[in-house]
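Observations on the model geometry
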Amino acid sequence: MTKLIQTLRSTCISKQTLLTVFSTLVVSLGALLSGLQVEAYFSGEIRNLEQGQRRSSLSDRRSFVMARHSAAPDDFPSFECAIMPFGFVPHWGNMLSAQDLQRNFCSIDPGEFVPIPTYDIATLTRPMDELNRVQRTDAVSNAITAKLFYSTRFMGSYDLDSAEFSNPQHPAMDFKMPFGTPIRAVAGGIVHALQKQQNGLGNLVIIEHRLPDTQERVFSIYGHMDMRLVGTGESVEAGQVIGTVGNSGRSTNPHLHLQIDKDRGHEFHTPYTASANTTRDDVLKWTMHPMDFINTF
Ligand SMILES: [Zn+2]
C-alpha cells in the first residue's frame, strides 16, 4: 500500500514535473513560435506590401486610366525619342573564362565596357564555332560581343547563331547583360503595370508610350528583372533607370527580355504571348521589332 501511495505520489510528482516541463515547453514553444511569427510577420509583411502594392496599383491604375481618358493627349508624358535600354555593353568577346562572363555588373571594371554594337544580322549569324576557331582579332572579339549582347534576335531561336523569325514563340529580343545592370526606359511614358510571374517573364515592368504624331499606344515590356525601381502610374523619361537585370522567371542566365507590344485594346495591357501554332504574321500584328522601334522613333 505504501508502495502504491509512493508510486502514486511519484506519479503525481512526475505528473507535476511533466506539467511543469510541458508548460515550460509551451512557453518556450510559444517563444519559438513568436520568433517564427516575427519571421513570418516579416515575410508576410513583404507579401502584404506586395499585395498592397498590387491593390493600390490596381486602383491607382484605374484612376489613372480614367484621368487619362478624359485628358488631352498632350497631358501624356512626352515620348522623346526611342533609345536602347543600355548605354554600354561589357566587351564579352574579350572575356575568356566562364567566371569572367558570369560576373555581376559591379564586378566589371568600367574600362571593360564598350559602346552598344550595331544590330547586324550578317555579323550575328556568323557561326560561333568558326569565331572560336579563328584568331581572336579585334573584329572577332567585336562579333562575339555583338552575338552575346543580342543573344536572341527578334522571334529568334535560343541559339547564338540563329536569325530573326526562326521562332515566333519569342515575340521579343533577349540581351545578355550582367546581373544588376541598370535598365533604362526605351522612351518616355507612364509605368502601366508591374508584374511578378512565377515562370514566364518573372519580375517585369510595362511602360505605356504614345507614339509621336499618331499618339498610338504602344507598350515596352522589360522581363526577368532583379529589381524594379519604378511604381505603377509613374511618369518616366527616355533613359530613366527603371530596374536592374536579373534572372527571374523562366530564365537560365541573367538577361533582359525586351518586348514592344501594340495596343490590343485592353484597358490593362498584359504582355502578348505566343502559343505553339502562332505564326510570324500573328506576332507582327501585335508586337514590333524592338530594333525597328528604336531605330524608327
Ligand atoms: Zn526573352
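Reading the values: rules and limits
- Residues numbered from 1 in each chain as written.
- Predicted model: local features only at pLDDT ≥ 70, side-chain atom pairs only at ≥ 80, totals over all residues.
- Heavy atoms only, no water.
- Helix = DSSP H or I, 4+ residues; strand = E, 2+ residues; numbered from the N terminus.
- Expected span 1.5 Å × (residues − 1).
- Buried < 20%, exposed > 50% of the residue type's maximum accessible area, 1.4 Å probe, protein only.
- Contact = heavy atoms within 4.5 Å.
- pLDDT = per-residue confidence, 0-100.
- Donors = N, O, S within 2.8 Å, 3.2 Å for Na, K, Ca; no water.
- Core = buried A, V, L, I, M, F, W, Y, C linked by side-chain atoms within 4.5 Å.
- Pairing = 2+ DSSP bridges.
- Polar contact = N/O pair within 3.5 Å; in protein donor to acceptor, adjacent residues only side chain to side chain.
- Phe/Tyr/Trp six-rings, centres within 6.5 Å; stacked < 30°, edge-to-face > 60°.
- Lys NZ or Arg CZ within 6 Å of the ring centre and 35° of its normal.
- 1 Å grid on protein atoms, 1.4 Å probe; cavity = no way out; pocket = protein on both sides within 12 Å on 5 of 7 lines; lining within 4 Å.
- Points joined across faces, edges and corners; volume = space filled by probe spheres on them.
- Nonpolar A, V, L, I, M, F, W, Y, C, P; charged D, E, K, R; others polar.

Re helix H5 (residues 138-149)
Between its first and last C-alpha, H5 extends 16 Å over twelve residues, near the 16 Å set by a 1.5 Å rise per residue. Of all twelve residues making up H5, nine are buried, and the element is well covered by its neighbours. The set of residues buried in H5 consists of Val140, Ser141, Ala143, Ile144, Thr145, Ala146, Lys147, Leu148 and Phe149. Among the structural elements, strand E1 (88-90), helix H2 (98-101), strand E2 (113-115), helix H3 (121-124), helix H4 (128-133) and strand E3 (173-176) are those in contact with the buried residues of H5.

Observations regarding the confidence of the model for the protein
Predicted confidence across the protein gives a mean pLDDT of 83, with 75% of residues reaching 70 or more. Counting interchain partners and residues more than four positions distant, the pLDDT-below-50 stretch residues 7-56 has ten contacts.

Some points on the coordination of the zinc ion
Those donors, His170 (NE2), Asp174 (OD) and His257 (ND1), are the protein atoms that reach the zinc ion, and they lie 2.1 to 2.2 Å from it. Written as a sequence motif, the donor residues of the zinc ion are H-x3-D-x82-H. Of this pair, His170 sits in the loop between H5 and E3 while His257 sits in strand E10 (residues 255-262), and the two are 87 residues apart along the sequence. Here His170 matches His257 in class, with each residue buried.

Points about the nonpolar core
Tyr150, Phe175, Val205, Tyr222, Ile242 and Phe293 are the most contacted members of the largest nonpolar core, which totals 50 residues. The dominant element in this core, judged by the number of residues it contributes, is H5, at six residues. Excluding residues that lie within four positions of it along the chain, Phe293 makes contacts with Phe79, Ala82, Val186, Leu211, Val218, Ile260 and Met288. Within the second largest apolar cluster, six residues are counted, among which are Ala193, Leu201, Ile206 and Ile221.

Let's talk about the pairing of strand E6 (residues 203-210)
By the criterion of burial, E6 is predominantly enclosed, with eight of the eight residues buried. Both faces of E6 are covered, namely the face carrying Asn203, Val205, Ile207 and His209 and the face carrying Leu204, Ile206, Glu208 and Arg210. The pairing of strand E5 (residues 189-196) with E6 spans six bridges and is antiparallel. Among the inter-strand pairings, Gln195 is bridged to a residue of E6, identified as Leu204. Here E5 folds back onto E6 in antiparallel fashion, the turn holding six residues, of which Gly200 has a positive phi close to 40°. One ladder, built from seven bridges, connects E6 with strand E7 (residues 217-228); its direction is antiparallel. Counterpart to Glu208 in the pairing with E7 is Phe219. Connecting E6 to the antiparallel partner E7 that follows it, the hairpin turn spans six residues, and Asp213 within it adopts a positive phi of roughly 70°.

Regarding the side chain of His192
Mapped onto the secondary structure, His192 falls in strand E5. In this structure His192 comes out as buried when scored by relative accessible area, which is 3%. One polar contact links His192 to Glu208, side chain to side chain, over a distance of 3.5 Å.

Thoughts on the packing of aromatic side chains
Across all of its chains, the model carries eleven aromatic pairs by this definition. Ring geometry for Phe154 against Phe165: centres 5.9 Å apart, planes inclined by 80°, an arrangement best described as edge-to-face. Of this pair, Phe154 sits in the loop between H5 and E3 while Phe165 sits in the loop between H5 and E3, placing them eleven residues apart in sequence. Exposure remark for Phe154: the relative accessible area of 0% places this residue in the buried category. By the ring-pair criterion, three or more aromatic residues cluster together here, those being Phe86, Tyr119, Phe149, Tyr150 and Phe175. Seen from the ring of Trp92, Lys176 lies directly overhead, with NZ or CZ sitting 4.4 Å from the centre. Positioned above the aromatic ring of Phe76 is the side chain of Arg210, whose terminal nitrogen or guanidinium carbon lies 4.3 Å from the ring centre.

Considerations on unusual backbone geometry
We note that Phe165 has phi near 65°; this positive angle belongs to a residue other than glycine. The class of Phe165 is partly exposed, set by a relative accessible area of 27%. Although it is not a glycine, Asp213 adopts a positive phi angle of roughly 70°. On the secondary structure map, Asp213 appears in the loop between E6 and E7.

Overview of the side chain of Thr244
Inspection of the secondary structure puts Thr244 in strand E9 (residues 241-245). Every residue in contact with Thr244, bar those within four places of it in the chain, is listed here: Gly180, Thr181, Pro182, Ile183, Met225, Asp226, Met227 and Leu229.

Let's talk about the layout of surface pockets
In this approach a probe as big as a water molecule rolls over the atoms, and the regions it shows empty are the leftover space. One number sums up the size of the largest pocket: a volume of about 830 Å³. Forming the boundary of the largest pocket are 30 residues, of which Tyr158, His170, Asp174, Arg250 and His255 lie nearest the centre. Residue composition of the lining of the largest pocket, by class: ten nonpolar, 16 polar and four charged.

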